[in-house]
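Understanding the architecture of this molecule
Spelled out, the chains give:
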Amino acid sequence: MKDSSVGRDADKVWVDSVKLPAREEGLVAWRIEKFGDDFDEIYVSGSLADPDGDGLVNLAEYGFGLDPLAISEVPNLGISRVGSTSDLEVLVNGSAVGVGFYVMKSVDLVGWSEVDSVPSDGGAVGDKMLLKLGVLEEDGLKGFYRVGVRSE
Ligand SMILES: [Ca+2]
Ligand SMILES: [Ca+2]
């Protein structure tokens, strides 16, 4: 763009709003890596799609560091107790960005409700990270737990 600060005989070319290709990060980079040309096909690579039919939607595959195009096992939950706090432990994709993990509890496997949890890094395990989710339960930890992934 040209503005009036430049005299008539001193024409110059001004370039602004140069758009450089963005370096894709996080979930988008993962989609490109895993799905190639289908990275933007919502029914294949979308967060709620499950193209391998293993019951884990792509967002969960990403968060837990699984293969979205091959049957994956639901990650196991471990548990460790420290005083009145219990840590639920699960292996996750330590380089996942833009996702958060949450804890749901049920006493009858029918009704589930989210319980407060405090995440902490339990260190690297192979190419994954051990995520600890501290849960404080007044009435003991009796019940069923599951860990979910959501975008943040
Ligand atoms: Ca899946
Ligand atoms: Ca899978």
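Source: prediction; values computed, not measured. (Residues numbered from 1 in each chain as written. Chains lettered and ligands numbered in written order. Predicted model: local features only at pLDDT ≥ 70, side-chain atom pairs only at ≥ 80, totals over all residues.)

**Some thoughts on the overall build of the protein chain**
The cut-off we apply is this: Under the DSSP-based scheme used, a helix requires at least four consecutive residues in state H or I and a strand at least two consecutive residues in state E, with every element numbered from the N terminus. Put plainly, a residue is buried at 20 or more neighbouring C-beta atoms within 10 Å of its own, exposed at 12 or fewer, and partly exposed in between, counting only other residues' C-beta atoms, which are placed from the backbone.
Scanning the protein chain for helices and strands turns up 3 helices and 7 strands. Within the protein chain, the fraction of its 152 residues that count as buried is 18%.

**Some details on the pairing of strand β5 (residues 118–125)**
Defined as follows: We treat two strands as partners when DSSP finds at least two bridges between them.
Little of β5 sits inside the fold, with 0 of its 8 residues counted as buried. Across 6 bridges, β5 lies against strand β6 (residues 128–136) in antiparallel orientation. Note on β6: the bridge partner recorded for P119 is L133. From the end of β5 to the start of β6, which pair antiparallel, there are 2 residues, and G126 there has a positive phi angle of about 60 degrees.

**Some remarks on the environment of V147**
Under the convention used in this document: Residue pairs are scored as contacts if the distance between their C-beta atoms, which are placed from the backbone, is within 7 Å.
With respect to the element layout, V147 can be found in strand β7 (residues 144–151). Judged by C-beta crowding, with 21 C-beta atoms within 10 Å, V147 ranks as buried. Expressed as a C-alpha distance, the spacing of V147 and P75, which sit 72 residues apart in the sequence, is 9.2 Å. Dropping the residues within four chain positions of it, V147 is found in contact with L77, L88, V90, F101, V103 and L133.

**Considerations on the sheet that holds strand β3 (residues 99–106)**
Note the following rule: The axes used here are C-alpha line fits, helices contributing only the stretch in contact, and every angle between their N-to-C directions lies in the interval 0 to 180 degrees.
Spatial ordering of the open sheet is given by β4-β3-β7, a layout of 3 strands whose pairing is antiparallel. In the strand order of this sheet, the two ends are held by β4 (113–115) and β7, each with one partner. Here the strands of the sheet are splayed against their neighbours by 45 degrees on average, with no regard to which way each runs.

**Some thoughts on unusual backbone geometry**
Not every positive phi belongs to a glycine, and L109 is a case in point at roughly 65 degrees. Its location among the elements puts L109 in the loop between β3 and β4. Note on L109: 9 C-beta atoms within 10 Å, which makes it exposed.

**Examining the nonpolar core**
In plain terms, the rule: Linking buried Ala, Val, Leu, Ile, Met, Phe, Trp, Tyr and Cys residues through C-beta atoms within 7 Å yields a set, and such a set is a nonpolar core.
If you look at the biggest cluster of nonpolar residues, it comprises 16 residues, and the most contacted ones within it are A60, F64, L88, V90, V92, L133 and V147. Sorting the residues of this core by element identifies α3 (58–63), β2 (85–92), β6 and β7 as the ones contributing at least two each. The contact partners of V92, leaving out residues within four places of it in the chain, are G63, F64, G65, F101, K128, M129 and L131.

**Considering the sheet that holds β2**
Read across the open sheet, the 4 strands follow the order β1-β2-β6-β5; overall the sheet is antiparallel. Both edges of this open sheet fall to β1 (78–82) and β5, since each of them pairs with a single strand only. Averaged over neighbouring strand pairs, the angle between their axes works out to 30 degrees when direction is ignored. By the bridge criterion, 8 bridges tie β2 to β6 in an arrangement that is antiparallel. The residue bridging T85 from the neighbouring strand is L136, located in β6.

**Quick look at the environment of E25**
Take E25: it is sitting in the segment before α1 (26–35). With 11 C-beta atoms counted inside 10 Å, the residue E25 sits in the exposed group. Between the C-alpha atom of E25 and that of A96, which follows or precedes it by 71 residues, the distance is 9.5 Å.

**Details of the pairing of β3**
Pairing of β3 with β7, which is carried by 8 bridges, proceeds in the antiparallel orientation. Considered in β7, the bridge of F101 is made with V149. Note: β3 against β4, 3 bridges, orientation antiparallel. Following the sheet pairing, K105 is matched in β4 by S113. Joining the antiparallel neighbours β3 and β4 is a turn of 6 residues, in which L109 adopts a positive phi near 65 degrees.

In short, geometric facts, not functional conclusions.
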